Amino acid sequence: MTTDPADMSATPAAAATATAEAAAAHAEAVSCTGLTYAFGETKAVDDLDLGVREGEVFGLLGPNGAGKTTAIRCITTLLPVPAGMVRVFGHDAAKERMGVRRMLGYVPQQLSADGGLTGRENVALFARVFDVPRRERAARVDLALSAVDLSDAAGRLASTYSGGMIRRLELAQALVSAPRLLILDEPTIGLDPIARTGVWEHINAVREATGMTVLVTTHYMDEADQYCDRVGLMHRGRIRALGTPEELRQGLAERKGTDTLPTLEDVFRDIAGSGLDDNTGGGFREVRSTRRTARRVG
Amino acid sequence: MKSEAPAAPHAASADRALGKDTALLLTPPVPRAGWRLLPARVLAMCTVELQKLRHDRTELYTRAVQPALWLLIFGQTFTRIRAIPTGGIPYIDYMAPGIIAQSAMFIAIFYGIQIIWERDAGILNKLLVTPTPRSALITGKAFAAGVKSLVQAIVVIVIAALLGVALTWNPLKLLGVALAVILASVFFSCLSMTIAGIVLSRDRLMGFGQAITMPLFFGSNALYPVSVMPGWLQAVSKVNPLSYQVDALRGLLLGTPSHLGADFGVLAIAAALGITAASSLLGRLAR
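Everything quoted here is computed from the prediction, not taken from an experiment.

A look at the packing of helix α8 (residues 134-162) of chain B against helix α9 (residues 171-199) of chain B
All names here are of chain B. Packing of α8 against α9 brings their axes to within 7 Å, and their N-to-C directions diverge by 130°. Here α8 is positioned oblique relative to α9, judged by the angle of their axes. Note on packing geometry: the crossing formed by α8 with α9 is right-handed. Taken together, the residues of α9 that come into contact with α8 (itself represented by I138, K141, A142, F143, A145, G146, S149, L150 and A153) are A178, V181, I182, S185, V186, S189, C190 and M193. Looking at the contact of α8 with α9 residue by residue, the classes come out as 12 nonpolar, four polar and one charged.

Structural data, given as structure tokens:
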């Protein structure tokens with residue numbers, strides 16, 4: 001960041017205020033203010049306020065149909081939102097779409113690697129569309145593949161990969177452009193426990209190495225408990241609870257007056273209450289998409 | 001903060017997790033701007049199409065069967081019958097450019113199915129979250145369809161040559177043929193992607209695709225000259241880009257009288273309109 005010469009003559013107090021304001025503006029990787037998105041009469045996201053801090057792993061939790069994916073689609077600019085509602089590192093998702101997209105690495109819920117291409121070609125495509133120059137493309141692609149332990153399988157068609165390998169390949173696709181914010185929509189859905197652990201270990205290793213912010217949606221409460229710095233429990237389009245997994249579990253234990261620490265799932269059931277009814281579970285399309293992904297990963 | 005800034009400060013742990021030379025994965029690439037963005041995206045999409053064809057040529061071979069049958073059976077039979085006025089050239093020669101155009105169109109017209117499949121597989125959403133304007137993405141996809149159609153057209157040209165069709169081998173004229181095939185495929189693939197943006201499902205698009213391909217084919221000059229058509233069909237032929245493509249191919253490959261200026265003009269305008277229409281409806285697929 002460059003310093004304007006005019007700022008040099010400002011008083012120390014003014015400079016400190018400006019620094020504090022700048023820090024506050026950039027402390028949040030994602031900021032949603034009153035985010036609302038409706039499909040016809042159905043409000044998928046309803047007046048959502050959310051702040052994801054720079055450098056953290058933030059888990060957006062909730063059952064199918066809670067509005068997690070819609071919120072993610074608004075943040076990733078896939079769905080149009082009014083100006084001022086969504087900001088990514090200070091960039092307005094409505095006014096500065098290209099600027100926002102350049103900072104994102106996105107892994108959608110579906111297994112989105114192209115089975116007709118090799119692992120290396122899949123990653124190279126994203127290097128190209130993020131304008132990685134030809135002279136450093138091969139090196140970047142190899143680094144990204146190496147970061148997810150796919151160097152040996154890079155020359156094989158992605159259609160021959162296991163579900164866990166495809167997820168790691170998608171991670172490499174997202175990493176090749178050095179994103180500041182990695183968004184993962186249900187990254188472990190349908191994977192067996194060992195593959196799930198493998199995917200999370202790679203996410204954590206990359207986060208540790210790069211310091212990037214990670215925003216992840218999941219409905220596996222145990223994963224969120226184990227791997228997320230903070231979580232937001234979402235239900236019917238709104239955040240119902242926000243904090244570290246420890247804080248949320250401790251809070252419920254205190255409310256219930258029990259010595260046994262509840263699970264995150266207990267917290268969620270407590271918050272959602274009788275709201276977990278037949279209407280929960282997502283629409284036909286979402287369930288179909290989830291099942292298709294689960295089927296593809298075997 | 002500018003997006004050119006490093007993704008994050010270089011951490012010591014980076015070397016452990018990502019290997020020693022991690023700087024590349026911590027530095028976002030410098031964005032292409034202005035006019036250089038579109039050709040870069042088109043090249044990226046065309047490269048993917050060629051890579052897929054290199055890995056699996058089954059589609060190329062199976063799709064060659066139908067045009068080969070048209071030339072072999074329909075072409076040779078009607079050459080004997082001499083029922084269609086062809087301006088003094090054998091009928092199989094006359095219809096060969098029409099079959100080349102048809103086989104290219106059949107590939108392009110079902111390209112919308114691929115974009116719906118990519119939507120369902122999450123590939124489209126992932127591409128839409130890259131710094132690629134929707135018009136550039138559609139243009140890239142459309143030219144990728146053009147490249148695929150061109151490969152198919154080359155196969156059909158070889159088949160036609162093997163069947164004795166007297167085609168030109170003038171490189172400049174062949175370049176013109178390639179341009180006509182690509183421009184027409186851009187239009188037909190965009191027509192398909194536009195319909196995909198309206199109907200949103202593969203099943204419906206299959207129905208639409210089948211409903212429009214035959215009228216486009218038979219409502220053109222691919223099999224017979226416009227002069228033998230009834231008045232209403234002549235009107236259809238006049239607004240059918242396939243007719244202009246066939247006219248250009250016939251003129252370039254066989255040297256028959258044609259209207260190359262008008263043909264390429266119509267094809268270019270049709271391609272531009274197609275890209276505009278498909279781009280404006282791409283957002284519906286993303287929802």
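Some thoughts on the packing of helix α12 (residues 241-254) of chain B against helix α13 (residues 260-286) of chain B
All names here are of chain B. Between α12 and α13, the shortest axis-to-axis distance is 9 Å and the interhelical angle comes to 140°. Classified by the angle between their axes, α12 and α13 sit oblique to one another. α13 is crossed by α12, and the crossing has left-handed handedness. Taking contact as the criterion, the partners of P241, Y244, Q245, D247, A248 and G251 in α12 are, on α13, L260, D263, F264, V266, L267 and A270. When the residues that make up the contact of α12 with α13 are grouped by side-chain class, the tally is eight nonpolar, two polar and two charged.

Regarding the UniProt feature "domain: ABC transmembrane type-2" (unreviewed entry) in chain B
In the numbering used here, UniProt assigns the "domain: ABC transmembrane type-2" (unreviewed entry) feature to residues 58-285 of chain B. In residues 58-285 of chain B, the share of helix is 80% and the share of strand is 0%. The end C-alpha atoms are 29 Å apart.

Focus on the environment of T258 of chain A
One can find T258 of chain A in the loop between α10 (245-256) and α11 (264-272). Along the backbone, T258 of chain A and S151 of chain A are 107 residues apart, and their C-alpha atoms lie at a distance of 50 Å.

Some remarks on the interface of chain B and chain A
In this complex, chain B contributes 43 residues to the contact, which on the side of chain A involves 51 residues. Of all the secondary-structure elements, those providing two or more residues to the side of chain B that touches chain A are α1 (12-18), α2 (23-26), α3 (37-55) and α7 (123-128) of chain B. Ranked by the residues each element gives to the side of chain B that touches chain A, the list is headed by α3 of chain B, at seven residues.

Side note on the pairing of strand β9 (residues 230-235) of chain A
All names here are of chain A. In terms of burial, β9 is a largely internal element, five of the six residues being buried. One ladder, built from four bridges, connects strand β3 (residues 57-61) with β9; its direction is parallel. In the strand pairing of β9, L60 is matched with G232. As paired elements, β9 and strand β10 (residues 238-243) share five bridges and run antiparallel to each other. Its bridge partner being in β10, G232 is matched across the sheet by L242. Following β9, the chain reverses through two residues before pairing antiparallel with β10; R236 in that reversal takes a positive phi of roughly 50°.

Here is what the cut-offs are and how they apply
Residues numbered from 1 in each chain as written. Chains lettered and ligands numbered in written order. Predicted model: local features only at pLDDT ≥ 70, side-chain atom pairs only at ≥ 80, totals over all residues. Axes fitted to C-alpha atoms, helices over the stretch in contact; angles between N-to-C directions. Helix = DSSP H or I, 4+ residues; strand = E, 2+ residues; numbered from the N terminus. Parallel < 35°, antiparallel > 145°, perpendicular 65-115°, else oblique. Left-handed = near helix turned anticlockwise from the far one by under 90°. Contact = placed C-beta atoms within 7 Å. Nonpolar A, V, L, I, M, F, W, Y, C, P; charged D, E, K, R; others polar. UniProt positions renumbered as here; feature names shortened; annotations may be inferred. Buried ≥ 20, exposed ≤ 12 C-beta atoms within 10 Å, placed from the backbone. Pairing = 2+ DSSP bridges.

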